[in-house]
Amino acid sequence: MNLLTLVIFLPLLGAVALALLPRDEVGQHKVLALCVSLATFAASLGLWAGFQSTPGAPEFQFVHQAPWLPSLGIGYHVGLDGVALLLLLLTTVLTPVVILSAWNAVTERVKEFLLSILVLETAMIGTFAALDLVLFYVFWEAMLVPMYLLIGIWGSQNRLYATVKFFVYTFAASVLMLLAILYLYFHDGNSFDYIKAREALDVTPEAARWLFLAFAVAFAVKVPMFPLHTWLPDAHTEAPTAGSVILAGVLLKMGTFGFFRYALPLFPEAALSYRWAIAVLAVIGILYGAMMSFVQTDMKRLVAYSSVSHLGFVMLGLAALSAEALTGSVYQMLNHGISTGALFLLVGLLYERRHTRRIEDYGGLAKRTPLIAAVFLVVTLSSIGLPGTNGFVGEFLILSGTWLSRLHAPAALAALAAVGVILGAVYMLLLVERLFLGPIRHEENRGLADLSVREGFVLAPMIALILVMGLLPQPFLRPVKPAVDRLVQRFQAAETKLGGEKQVGTVPPAIARAAAPAQAGREGE
Amino acid sequence: MTGFPTASFAALLPVAVLTLGAIVLLLSEVFLVSGKRAYQSALTVAFAAAAAATALLGPRPGPVFEGQAAQDGFAVFVTVIVCAGLALSALVGAAWLGARSSERGEFYALATFAAAGMVLLSMATDLLVAFISIEVMSISTYALAAYLRRGLRPSEAAFKYLVLGAVSSALFVYGSAFLYGASGSTLFSKISAGHGSPLYLVGMGMVLSGVAFKVAAVPFHAWTPDVYEGAPTPVTAFMAAGVKAAAFALLVRLFLAAETGVNARVAAFGGLVSALAVLTMLAGNLLALPQRSVKRMLAYSSIAHAGYLLIGVVSAAVAGARAESVASLLFYLAVYSATAIGAFAVVGVLERRSDGDKEGAQAFDLARFAGLARRRPLLALSMAVFLLSLAGVPPTAGFFAKLYLFRAAVGAGFEVLALVGVLTSALGAYYYLRVILYMYMRPPEVEGEVLSAPSLGVALTAAVLVVLVLGVAAEPLVRLAAAAGGLG
């Protein structure tokens, strides 16, 4: 039995077992789901331990290949590179956290809720692990239904509107990708296999641009990139805490992961012609998301718009196409999953206590709930990229990588993005102030309970990850390096093919050029 | 006796089995001793299974009766779809009619006669044989549509169906005369001899219009919503599965004969059918959007699916992609039949039982689906599976059917048709999902009596299994379809 296949399908098996339990035994359901998700997490640690990040190691590891629909050229083919590995781990960490966080918050139709979460976990892991284009698409679409149910059944007042918008938006964008996948089949030696397709792809530059756009739109909606982000504030706000955490933590990464794994390496020449547009949209997203966060009165909506801003950083790093910025992007994907996931968990805790999401209903909570306030502050600092937290590593790599990249006007883009960092600090710290500092303005807030033991267990892994990833980034950066290097190499090959001036990699910083004029022409790492 | 076409008649065995079954069912009503009728639906299922088995195990000589019919893999595949559709509809019908105390042997007999016509139609390679089969199939379904003579709506449905069906038959037979005039033959294999003459153009146009009525392609679709909504629900299910499969079988054979030896890109009919496909996909999906009656929505959705199937017909004309396209079309037909019967069966379960006339479209209103997940979780789950399959969401059979069909279209060079196909199926997600939304996310609004019967459970379980199993393990059926896609 392949370990990766086991990790993919363990949650689904758990869901089947859960479905067979008697309906009224809610306690059993919760314990079983938690155990299954913890077992999946434990198995995924085996993947981490077994993953080789040395330069000579194979690109994809834990590969499992089996015929699935051979008549149609579709195979079951899974494997992990370093980026997929880390995102898979993020998924397996977040799932038990989410189940534990919903322990008391979800009281209705608990069994269906847990079923949805477990099915969703299989679909998410499968999306990261798939190496067959159709298999990828199947997992990608299979995520929609459980998420649709999570938002639509357990969400708040406006949930029906939000969930339909979420589904139709993502579904409509994905079908174009399906068509592009079908087109690829007939132009890569009749195969849906990703690795074969990447090697044997033979399309005209014009077709490649269309195919890139088809993939890019599907991914851009999921990221979400400005101006395709409008589903996100609704979906995040209306979803239950568990849904928001998974949406922000993992589902948004599907988009950026899709760019990293599919859209960019499959069509490097086309990507080079669109990267400037992507970078500009990313910067607009950063600033727009930050400014929208400023004016929100609903704390969940504020966090949702901050996601638009944060994911803009990731996209900017991907468009910069330098090793540094790409590494930063991958790191930022993980950071955003942890810090925004934790923010949604905290917002959920407050909501459970006060049943309101309006910021003005709070204030001065630090006196009553010091632990929540302290954790909130740590997560906020991670979210705004304070040195010593994980957010700093990612944002720094992206900004410096963009500044030194060969994009048009890299300095301007990096500077504007840096403005986004400052804005982010302002609105997040303002949120902390309005929630926790000052006098208690509402009598209802006096009796609020602080963290319970269960809630402590929910938040502890997040805090631990924030600190560990901030202080010791190496174990997390190491698996990323081979994948990033391979992507850069693909783009270098593409720019050689295109001719003209260099477009990827970094320029040496001015200070280095001044110090060593003889080496000015050489590429900096 | 020399010269007696024993082999030809042997090829007709499935038709014979169904006809015999229909007669037995008719007689069973005459010799009925008690009021118990459960065995009639069981008999129908048995005869359907026997017909399918004879088709599967019997000889496949290819062309029989000097080329007027063909018993090949293609015909066998459609025969099995039709028989499965008949069996499932009979099971649904037993519960549905039983609850309305109107279960009669005639119902099953008519359905079995119709199935015999459909099976014959799938074999037809001659205009006259096709016409006879169409009439056998259609006249039985007119009667079935009018089976429940309570109130105006069923009568209206049956009357509309009869009149428009008669027009389509007239078009077909008149066009056949033109084609005979142009080519001197009624055999599909010979009519392309008339290529180039205006008679041929007019005749082929009329014949194809007649068939377009039967498959409910836009602009010949206007009867579908009214008839589908007004007819008794098991009949609607049978029509969506059987009539559609048989009519598409005819369309494929006819269209391929007409396009033989012609470059598809320049042939007049290729362009015409492509245009029909685009119109059908757009109109079917757009008109389904605003429907509040779930049955009517499914009727429009059947038009939309006819549009997707037309893509398969068009791409089958490209020589290099023929086998692949026909195979994908057969696979799609099989999946759609199971899914549509399942979905209509659930509609039938929830339908208001009393006087359908005053209620009008209310009988199938979305509100009746509200909160179904709490009242009947398994029923809601099966409906959700059918709807997701109709929308083409993986991992259901409907996804692979669309994938297969669109793949064939892209392989044949019809990327634009496939593009329209995927975009319109995204529209479809909206109205299918709305039913799921009502079932899972809204509190119950109507306390309706909900039908529950063992035969219904069997039919629904079978349909759900088909949709789910084909969603994860489609390979065996894909192989069978690929083997049948060669056409003889």
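Rules of the game
- Residues numbered from 1 in each chain as written.
- Chains lettered and ligands numbered in written order.
- Predicted model: local features only at pLDDT ≥ 70, side-chain atom pairs only at ≥ 80, totals over all residues.
- Helix = DSSP H or I, 4+ residues; strand = E, 2+ residues; numbered from the N terminus.
- Rg over C-alpha atoms; globule rule 2.2 N^0.38 Å.
- Buried ≥ 20, exposed ≤ 12 C-beta atoms within 10 Å, placed from the backbone.
- Contact = placed C-beta atoms within 7 Å.
- Axes fitted to C-alpha atoms, helices over the stretch in contact; angles between N-to-C directions.
- Parallel < 35°, antiparallel > 145°, perpendicular 65-115°, else oblique.
- Left-handed = near helix turned anticlockwise from the far one by under 90°.
- Nonpolar A, V, L, I, M, F, W, Y, C, P; charged D, E, K, R; others polar.
- Pairing = 2+ DSSP bridges.
- pLDDT = per-residue confidence, 0-100.
- Expected span 1.5 Å × (residues − 1).

1. Concerning the overall build of chain B
Helix and strand content of chain B: 21 helices and 2 strands. A compact globule built from 488 residues should have a C-alpha radius of gyration of about 23 Å, and chain B, at 21 Å, falls within 12% of that. Projected onto its principal axes, the C-alpha positions of chain B cover 65 × 55 × 40 Å. Within the span of chain B, comprising 488 residues, buried residues form 64% of the whole. Sequence separation of 24 or more characterises 80% of the internal contacts of chain B that already satisfy a separation of 6 or more.

2. Considering the overall build of chain A
The number of helices and strands found in chain A is 22 helices and 2 strands. Scaling as 2.2 N^0.38, a compact globule of 525 residues should have a C-alpha radius of gyration of about 24 Å, and chain A matches this with 22 Å. Taking the principal axes of the C-alpha coordinates as reference, chain A spans close to 70 × 60 × 40 Å. The proportion of buried residues among the 525 residues of chain A is 58%.

3. As for the interface of chain B and chain A
The accessible area lost on association of the parts is a frequent measure of interface size. On the chain A side, the residues contacting the 28 residues of chain B number 27 residues. Among the secondary structure elements, those contributing two or more residues to the side of chain B that touches chain A are α18 (397–411), α19 (415–441) and α21 (475–484) of chain B. No other element matches α19(B), which puts 13 residues into the side of chain B that touches chain A.

4. Describing unusual backbone geometry
With omega at 0°, the peptide bond leading from A:Phe226 into A:Pro227 counts as cis. Turning to its location among the elements, A:Pro227 is positioned in the loop between α9 (205–222) and α10 (231–238). Cis geometry is found at the peptide bond from B:Val218 to B:Pro219, where omega equals 5°. One non-glycine residue, A:Phe62, adopts positive backbone phi at about 60°. You can see A:Phe62 is positioned in strand β1 (residues 61–69). If you check the backbone angles, A:Leu321 has positive phi at about 55° while not being a glycine. Turning to its location among the elements, A:Leu321 is positioned in the loop between α13 (299–320) and α14 (323–354).

5. Remarks on helix α6 (residues 144–154) of chain A
One turn of an α-helix holds 3.6 residues; hence residues three or four places apart share an orientation. Burial analysis of α6(A) places 11 of its 11 residues in the buried class, the great majority of the element. Within the sequence span of α6(A), burial applies to A:Leu144, A:Val145, A:Pro146, A:Met147, A:Tyr148, A:Leu149, A:Leu150, A:Ile151, A:Gly152, A:Ile153 and A:Trp154.

6. Comments concerning the packing of helix α14 (residues 322–350) of chain B against helix α17 (residues 377–391) of chain B
Residue and element names in this part refer to chain B. At a closest axis distance of 9 Å, the pairing of α14 and α17 adopts a crossing angle of 140°. As far as their axial angle goes, α17 and α14 are oblique. When you trace α14 past α17, the crossing you get is left-handed. The segment α14 lies against α17, with Thr339, Gly342, Ala343, Val346 and Val349 engaging Leu379, Ser382, Met383, Phe386, Leu387, Ser389 and Leu390. For the contact of α14 with α17, the residue count by class is 8 nonpolar, 4 polar and no charged.

7. Some thoughts on the pairing of β1(A)
Residues and elements named next belong to chain A. As judged from the 6 bridges shared by β1 and strand β2 (residues 74–80), these two strands associate in the antiparallel manner. The residue of β2 that forms the bridge with Pro67 is Gly75. In textbook terms, the turn of a hairpin is the stretch between consecutive antiparallel strands, and for β1 and β2 this stretch comprises 4 residues, one of which, Gly73, has a positive phi near 80°.

8. Focus: the environment of B:Ala111
Residues and elements named next belong to chain B. You can see Ala111 is positioned in helix α5 (residues 105–123). With 31 C-beta atoms packed within 10 Å, Ala111 lands in the buried category. In the structure, Ala111 is positioned 30 residues away from Thr141 in sequence and 7.2 Å away in space, judged by C-alpha atoms. Those residues in contact with Ala111 that sit more than four places away from it in its chain are Thr44, Leu86, Ser89, Ala90, Leu144 and Phe238.

9. Notes on the environment of B:Leu57
Residues and elements named next belong to chain B. Its location among the elements puts Leu57 in helix α3 (residues 38–57). You can call Leu57 exposed: it has 9 C-beta atoms within 10 Å. Each C-alpha atom of the pair Leu57 and Pro395 lies 32 Å from the other, and the pair is 338 residues apart in sequence.

10. Looking at the packing of α6(A) against helix α7 (residues 159–185) of chain A
Residues and elements named next belong to chain A. Put simply, α6 and α7 touch, their axes get as near as 8 Å, and they point 165° apart. In terms of their interaxial angle, α6 and α7 are classed as roughly antiparallel. Relative to α7, the crossing made by α6 is right-handed. Between α6 and α7, the residues in contact are Leu144, Met147, Tyr148, Ile151 and Gly152 and Arg159, Leu160, Ala162, Thr163, Phe166, Phe167, Thr170 and Phe171, respectively. Of the residues belonging to the contact of α6 with α7, the class tally is 9 nonpolar, 3 polar and 1 charged.

11. What to know about the confidence of the model for chain A
All names here are of chain A. Per-residue confidence for chain A gives a mean pLDDT of 88; residues scoring 70 or more make up 98%. The least confident element of chain A, judged by mean pLDDT, is helix α22 (residues 510–515) at 70; the most confident is helix α5 (residues 133–142) at 93. Across residues 519–525, confidence stays below pLDDT 50; counting only partners more than four residues off in sequence or on other chains, it has 8 contacts.

12. Focus on the environment of A:Pro370
All names here are of chain A. Take Pro370: it is sitting in helix α16 (residues 370–383). Residue classification places Pro370 among the partly exposed positions, given that 13 C-beta atoms sit within 10 Å. Distance from Pro370 to Ser44, taken between C-alpha atoms, is 34 Å for residues 326 residues apart in sequence.

13. Things to note about α14(B)
With 29 residues, α14(B) extends 42 Å from end C-alpha to end C-alpha; this agrees with the ideal 42 Å at 1.5 Å per step. With respect to burial, α14(B) is a largely interior element, 28 of its 29 residues being buried.

14. Topic: the confidence of the model for chain B
Note that predicted coordinates carrying low pLDDT should not be read in detail. All names here are of chain B. A residue-level look at chain B finds 93% of positions with pLDDT of 70 or above and a mean pLDDT of 87. Averaged pLDDT values for the elements of chain B fall to 50 in helix α15 (residues 356–359) and rise to 93 in α5. Interface confidence in the predicted complex, given as ipTM, is 0.91; pTM for the same model is 0.92.

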